[in-house]
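So the chains spell out like this:
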Amino acid sequence: MYNPITTYRIQFNKDFTLKDLEKQIEYLSLLGAGAVYASPIFAATPGSGHGYDVIDPLRFNPEVTDEAIFSKVRKKMAEKNIGWIQDIVPNHMAYHPDNAWMMDVLEKGNNSAYFRFFDLEPGATVKENKLMVPFLGATPNEAIQNGDITIGWKNGSFTVAYFDNIYPVNHETFRKIAQENISAAPASIIELWNKHLKSPVSGTYFQHEWEEAKKKAQQLYETQPEVKAFIDKLTQKLSLSEASVRQILQMQFYELCHWQETEKRINFRRFFTVNRLICLRMEDPEVFETFHRFTRKQIEQGNINGLRI
């Protein structure tokens, strides 16, 4: 068993990165540190000061390090017989728009490949029990009336935005918006509609054709000015209509609600009472294996000598 005898705790964030640690290796060696005990260094919410709000456990936090820098620093530390104890938080992830797994669930409901990953109440994405997204600073009605909830475009599909928080819409919503406005669309959008989007989705379509269709739509948006102008004008029109915003919200697998609503009801397990930390079903072998894949790789490469869980 690896026994470092002594450890030195390091809190990593954008203000203290692996490059900053590299400058302290000699000092740590003289101090007699047997290992660095590191705060989470995997992708976290932008600007995170602690790293416990993980958005992707399968890559490093770009504000802290990358694979090349991590390997380089670990090699220098090994030369001084300094190991690495990594703090990990497999129980929860950040409930945040940058959490791609979570956004996939909001977009696709129980058709998402990640639906089983999060500890949700059974049936939490059905019409009668929509998954709560409790991050509004007012009631949904007040937020709509104030114009704080808008319709936008990102990564080839329409979105629902509450200030800087951007959430996906489902395929049904995309089709409805497109169908109601297709007659005025540029030719390339009409072609995409006829080829990939006209028919309702089913089965594995979500994981294949729908994703490909979004990529093509985004490519058109980025390369054809007339497409960008059409979509921007459309999202602006939808945003200015309270009725349109309400209808779009009603069609989702989730419901935007006031953050205090979770004091009365909740349909996902969170970290204590922190709405922004959603729990994972780590008892599921697939979830366990997927979440720890990158950590295991670092262990196998000798970069991580031990874990604090």
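Residues numbered from 1 in each chain as written. Predicted model: local features only at pLDDT ≥ 70, side-chain atom pairs only at ≥ 80, totals over all residues. Heavy atoms only, no water.

Draft legend 1. Structural detail: the packing of helix α8 (residues 209-223) against helix α9 (residues 225-239). Relative to each other, α8 and α9 sit at 105 degrees, their axes nearing to 5 Å. By the angle between their axes, α8 is roughly perpendicular relative to α9. Touching L220, Y221 and T223 of α8 are P225, V227, K228, I231 and D232, all from α9. Residues of the contact of α8 with α9, tallied by class, amount to five nonpolar, one polar and two charged. (Axes fitted to C-alpha atoms, helices over the stretch in contact; angles between N-to-C directions. Helix = DSSP H or I, 4+ residues; strand = E, 2+ residues; numbered from the N terminus. Parallel < 35°, antiparallel > 145°, perpendicular 65-115°, else oblique. Contact = heavy atoms within 4.5 Å. Nonpolar A, V, L, I, M, F, W, Y, C, P; charged D, E, K, R; others polar.)

Draft legend 2. Looking closely at the layout of surface pockets. Space inside the largest pocket adds up to approximately 440 Å³. Lining of the largest pocket is provided by 20 residues; of these, M103, E107, N155, P168 and K214 occupy positions nearest its centre. Of all elements in the fold, only α4 (100-108), β9 (157-162), β10 (165-168) and α8 reach the threshold of two or more residues within the lining of the largest pocket. Residues of the lining of the largest pocket, tallied by class, amount to seven nonpolar, five polar and eight charged. (1 Å grid on protein atoms, 1.4 Å probe; cavity = no way out; pocket = protein on both sides within 12 Å on 5 of 7 lines; lining within 4 Å. Points joined across faces, edges and corners; volume = space filled by probe spheres on them.)

Draft legend 3. Highlighting the nonpolar core. Ranked by internal contacts, the top residues of the largest apolar core, which has 58 residues, are F118, L131 and I149. Residues contacting I149, with those up to four places away along its chain left out, are L136, P140, A143, I144, V160, A161, Y162, V245, L249 and L256. In this structure, L28, F42, V64 and F294 belong to the second largest nonpolar core, which totals 21 residues. (Core = buried A, V, L, I, M, F, W, Y, C linked by side-chain atoms within 4.5 Å. Buried < 20%, exposed > 50% of the residue type's maximum accessible area, 1.4 Å probe, protein only.)

Draft legend 4. Expanded view of the sheet that holds β10. Strand order across the open sheet formed by three strands is β8-β9-β10, with antiparallel pairing between neighbours. Bordering the open sheet on either side are β8 (149-154) and β10, each of which pairs with just one other strand. Looking at each pair of strands side by side, their axes are set apart by 35 degrees on average, direction ignored. Strand direction decides the pairing type here: β8 and β9, joined by six bridges, are antiparallel. Residue pairing for β9: G152 is matched across the bridge by T159. Lying over the sheet, α9 contacts β8 and β9, oriented at roughly 160 degrees with respect to β8. (Pairing = 2+ DSSP bridges.)

Function cannot be read off these values alone, since they describe shape.
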